[in-house]
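This is what each chain is made of:
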Amino acid sequence: MKPAFRNDAYAKVTGKAKYTDDYTMPQMLHAAPLHAELSCALIKSIDCAPALQSPGVVRIILAEDIPGQIKFGQIIRDYPTLVHKRIRSTGDVIALVVAESRAQALAALPLIKVQLQELKPILDTELAMSETAEPINPEHGSNVCNYHRVRSGDIQQGEETADIIIEQSFSTARIEHAYLETEAALAHLRPDGVIEVIGSMQHPFSTRRFVASTLGFPLKDVEVRSVPMGGGFGGKDDTAALVCARAALCAYLLNRPVKLTYSREMSMRESYKRHPYNMQYRMGVKRDGHITFVKVRMVADGGAYCSVTPWVTWRSTVQCCGCYEVPNVHCDVYGVYTNNVFSGAFRGFGSPQVNFAVEQLVEMAAGKLGMDEIDFRRLNMVKQGSTTITNQVLDTHKVSLKQVMDSVLKEIDYESKRARCSFGDPQQDKWYGIGLAISYRGMSLGAEGVDFNSAILNVQPDGSVLLETGVHENGQGSESAMIIIAAELLGLPVESIRYRQPSTSNIPDGGTTVASRGTLLGTGATTEAAKILKGIIAETLLSEYKLKAERYENSRILTKDGQIICSWEEAIKLCYSRQVYPYAFGVFQAPRVDWDEETGHGNAYFTWVYGCQAVELEVDPKSLKVTLLNMVAAHDVGKAINPPMVKGQFYGGMAMGAGYGLFEEVPLKDGGVIPTNLHQYRLMRATDLPEMTAIIVENPDPTSPSKAKGIGEPTLEITAPAIANAIYRATGKRYPDQPIKLRADR
Amino acid sequence: MITVNGHRYEPDSALQERKLSDWLREDLVLTGVKIGCDIGVCGSCTVLVDGKARHSCKMLVKDAIGHEIITIEGISPKDGTLHPLQQAFVDAGAIQCGFCTPGMVLGALALLMVNHHPSRSEIRQALKGNICRCTGYQQIVDAVQNAARIMYPVPK
């Protein structure tokens, strides 16, 4: 394979790359947050006097000091940047201490005396949903943050025509993103009146909205700049933006640069987690293997604040039946407020939970029918032209589910290895199991929201190129993908293109780098910009040379038949001499999607990706320790722009998905996060993982200008169910709760 | 006396109780030393102490006196090119967010200095103390293996 290309690799591998906390400024102060000790309480009094006497302390900032709005949020404005009266979560921040050094700010925190009146927290979703429950966010009224549903076909008929019915409850845990870099922000008020912020966040424009709302500034007076970010995985939106807003608040009030860097303890305490789900599934099948209906009720614990719970649960709704054709569907999904630490976006975004359930459920159904689980999948899976449960016809792209599944079955030699599975055989010293899971995933935001992005190609007089887009690099290599696409289209070496450090003041909001949309939307807009740029250049060349420029190769511009018109540099020089800017602004607007909340019908996503993963593992019958032996993944990425980085997404997704299956959970006590640091949170280490195989499947997607689709999330959404299915074949037992904890007593 | 990347420092007594990681980052501006957990479990702050990989957040400045410290800033040639191990990380696609990368490179370097031809499982074992949340380690193991072949070629 060709060596990987990354525009930021040199800086990162030499330690030169500067992340937020690596920056300092003259006169810089440091802030530290005081968190609430209880998850449900009223603030009776705050005494800052002793803390203000502490060495180096400059000021203590409270909610009443906020010049703009105290509360903000991406969907519902319910999150207080600083808590005013009522505590709803142990992640709430009551005060910010600002001091000359970080150590001094931290030392003063315990000196702030806060008197709380304890109230009874609501920690259980079903209790929270009951009629008599006190509303946690009274402005919203009910504790049901949101409700989505699907009503397809006739559920009664589905029940009647079923020969066998399977009922099973599943649960999934709250988990931590565990990005290696904690939240951090550095803000300062510029002489021109603009508050400038750098921070560890995955969406500079969302951050800008949080900062502007907190300060009461118009958006033009807030500039958020991107610097390298040490991991996000969906987790660097709300909390990260709030940290930026708090740093900006301090910097504005004190008119000095302020840095706010979270310790791991602060980060784990306050940051949102993956939504824990409770899911009750009821599925009917005919003897011939066809699924006749699915009825499901899901409840997601959103915690104390809304964040993006309505969007996360919407994806679960659309994908509630996995990648299968189901004629009759009755699905109810609730996002619920509790006093638990809040939940938000996390790579996968509502699909890992559902797939954990569905991909076990289909195997349970096949088992009851005495049918091969692969045949069962083949029979029911979506195919070219299939209608999804939300009434979307899959005909805009290649439906490659069978292709990806077949490639994994072949690579791992599934059929012959399945025959070796132990099913808990007491005669064996080691139990062997193999398992697999498949999925489809709607690309990008779908009917969650507006979905467009822009790119600027700005060619300099010497022919070198500045490129930028409105989406943010999360570490996955999206900037590199955009450079590669631009280089390909313009016939230039990647070295001649620089990805400009993005700023919210220089390019329109391209939406957040979530939903596996960074590469899709970024390269889409880049492709459109390249088209426009080539049009400008061609017109200039036509007037000079009377030749039609059609090909851009090796830094030269050619006619259709291969006649060289001129070099790239000469063409650019010509443009400038003719007073024409070789500058293009390209926009990619995602194709239209639609959704009816009443029926749960619509073209939910403009395209879909298909994936299959299989896992081999071994269980020690005595210790019940699970050892992963092999993992194989195949995903249809449309087009692999930077194959080594695409594979990196596969491996990283599988690793995270395996951790989800086997280890990861954030236990709570009275709504607060118990693990304080990474020593109490089990992450996959190099020794926990087997060698992995990544199979890149490419069916160029007609709906994507660059033909590429996103891959960040599909790669982790089916690893856990593949493990669950392998554990079933090793032990003979089903584990419907994630993380899977093997027990001897069942 | 502490040697850091070939330079000698005489930290005064007021500094001696500080964390080595903080001293390296804040006073010496060697910000390639990253802080992920600050309690010695993630490996982002890994430095070489007399050639051995150590978590600098678990050491005090005084613990480093009389020792030779190498940070990520100290392993590339002065001409701006990369150490073969660094180049292998770049080429193998072993870098995503990059936050674990300095510690990971130094951990791997410590291994290669004592084991010129590690197996894949030996590499995994040596990097057990370094968490990466992005890559799944696969391409990191590839990189270390490729670097070993270049740094210590086996005579044919």
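Residues numbered from 1 in each chain as written. Chains lettered and ligands numbered in written order. Predicted model: local features only at pLDDT ≥ 70, side-chain atom pairs only at ≥ 80, totals over all residues.

### A short note on the overall build of chain B
- Looking only at helices and strands, chain B has five helices and five strands in total.
- Seen in sequence order, chain B has helices and strands lined up from the N terminus as β-β-α-β-β-β-α-α-α-α.
- Principal-axis analysis of the C-alpha atoms places the extent of chain B at approximately 55 × 30 × 25 Å. (Helix = DSSP H or I, 4+ residues; strand = E, 2+ residues; numbered from the N terminus.)

### Some words on the pairing of strand E19 (residues 452-459) of chain A
Residues and elements named next belong to chain A.
- Where burial is concerned, most of E19 is hidden: six out of the eight residues are buried.
- Where E19 lies against strand E25 (residues 583-589), seven bridges are found, and the strand directions are antiparallel. Looking at E25, one finds that Ser454 is bridged to Val587.
- Alignment of E19 against strand E20 (residues 465-469), held across five bridges, turns out to be antiparallel. Paired with Val459 across the strands is Val465, a residue of E20.
- Taken together, E19 and the strand that follows it, E20, pair antiparallel across an intervening segment of five residues, in which Gly463 is found at a positive phi of about 95°. (Buried ≥ 20, exposed ≤ 12 C-beta atoms within 10 Å, placed from the backbone. Pairing = 2+ DSSP bridges.)

### Digging into the domain arrangement of chain B
All names here are of chain B.
- Here the domain parsing of chain B yields domain 1 (2-74) and domain 2 (84-151).
- Distance between the C-alpha centres of domain 1 and domain 2: 21 Å.
- Tallying the contact residues gives 15 residues for domain 1 and 13 residues for domain 2.
- Broken down by secondary-structure element, the contributors of at least two residues to the side of domain 1 that touches domain 2 are strand E3 (46-49) and strand E4 (52-55). (Domains from an automatic or database assignment. Contact = placed C-beta atoms within 7 Å.)

### Here's the deal with the sheet that holds strand E9 (residues 144-152) of chain A
All names here are of chain A.
- On the basis of which strands lie adjacent, the open sheet formed by five strands has the order E9-E17-E16-E15-E10 and mixed pairing. Sheet topology places E9 and strand E10 (164-172) at the edges, where each strand pairs with a single neighbour. Averaged over all adjacent pairs, the angle separating strand axes in this sheet is 5°, with direction ignored.
- Direction of pairing for E9 relative to strand E17 (residues 328-337): antiparallel, over a ladder of eight bridges. Bridge pairing links Ser152 to Val329 in E17.
- On top of the sheet, helix H10 (residues 351-369) reaches E10 and strand E15 (277-285); it is set at about 150° to E10, its chief contact. (Axes fitted to C-alpha atoms, helices over the stretch in contact; angles between N-to-C directions.)

### As for H10(A)
All names here are of chain A.
- Helix length check: H10 (19 residues) gives 27 Å between terminal C-alpha atoms against 27 Å at 1.5 Å per residue, within 8%.
- Taking burial as the measure, the 19 residues of H10 include 15 buried ones, the bulk of the element.
- Backbone geometry just downstream of H10 places Gly370 in the positive-phi region, at approximately 70°. (Expected span 1.5 Å × (residues − 1).)

### Things to note about the sheet that holds strand E24 (residues 564-567) of chain A
Residue and element names in this part refer to chain A.
- Strand order in the open sheet made by the three strands is E22-E23-E24, with antiparallel pairing throughout. Edge strands, defined here as strands with exactly one partner in the open sheet, are strand E22 (551-553) and E24. Taken over all neighbouring pairs, the strand axes of this sheet differ in orientation by 25° on average, direction set aside.
- Looking at chain direction, E22 and strand E23 (residues 556-558) are connected through three bridges and run antiparallel. Pairing of Arg551 across the sheet is with Leu558, part of E23.

### Digging into the domain arrangement of chain A
Residues and elements named next belong to chain A.
- Considered domain by domain, chain A is made up of domain 1 (121-380) and domain 2 (452-589).
- Just the C-alpha atoms count here: the centres of domain 1 and domain 2 sit 36 Å apart.
- At the junction of the two partners, domain 1 supplies 17 residues and domain 2 supplies 14 residues.

### Observations concerning the interface of chain A and chain B
- Taken together, the 43 residues of chain A in the interface contact 41 residues of chain B.
- Elements with a contribution of two residues or more to the side of chain A that touches chain B: helix H1 (9-13) and helix H17 (643-662) of chain A.
- No other element matches H17(A), which puts eight residues into the side of chain A that touches chain B.
- A per-class count over the side of chain A that touches chain B returns 21 nonpolar, 13 polar and nine charged. (Nonpolar A, V, L, I, M, F, W, Y, C, P; charged D, E, K, R; others polar.)

### A word on helix H1 (residues 20-27) of chain B
- With respect to burial, H1(B) is a largely interior element, six of its eight residues being buried.
- With its phi angle positive at about 50°, Val29(B) sits one or two positions after the end of H1(B).

### What to know about the environment of Ser503(A)
Residue and element names in this part refer to chain A.
- Within the secondary structure, Ser503 sits in the loop between strand E21 (497-499) and helix H15 (518-545).
- As a C-alpha pair, Ser503 and Leu629 span 126 residues in sequence and 45 Å in three-dimensional space.
- When neighbours within four sequence positions are excluded, Ser503 is seen to be in contact with Glu223 and Arg225.

### Notes on the packing of helix H2 (residues 84-92) of chain B against helix H3 (residues 101-114) of chain B
All names here are of chain B.
- Between H2 and H3, whose axes approach to 10 Å, the crossing angle comes to 125°. One element, H2, and the other, H3, form an angle in the oblique class. In this structure, H2 crosses over H3, and the sense of that crossing is right-handed. Residue-level inspection shows Leu85, Gln86 and Phe89 of H2 in contact with H3, the latter providing Thr101, Val105, Ala108, Leu109 and Leu112.
- Per-class residue counts for the contact of H2 with H3 are six nonpolar, two polar and no charged. (Parallel < 35°, antiparallel > 145°, perpendicular 65-115°, else oblique. Left-handed = near helix turned anticlockwise from the far one by under 90°.)

### Let's talk about unusual backbone geometry
- Backbone torsion omega between Gln738(A) and Pro739(A) reads 0°, so that peptide bond is classified as cis.
- As for its position among the elements, Pro739(A) is in the segment after helix H18 (719-731).
- Of note in this structure, Asn255(A) is not a glycine but carries a positive phi near 50°.
- Tracing the backbone shows Asn255(A) in the loop between helix H7 (238-254) and strand E14 (258-261).
- Under the C-beta neighbour-count criterion, Asn255(A) is labelled exposed, with 10 such atoms within 10 Å.
- Of note, Asp50(B) is a non-glycine position whose phi angle comes to about 50°, a positive value.
- Residue class for Asp50(B) comes out exposed when judged on the 12 C-beta atoms lying within 10 Å of it.

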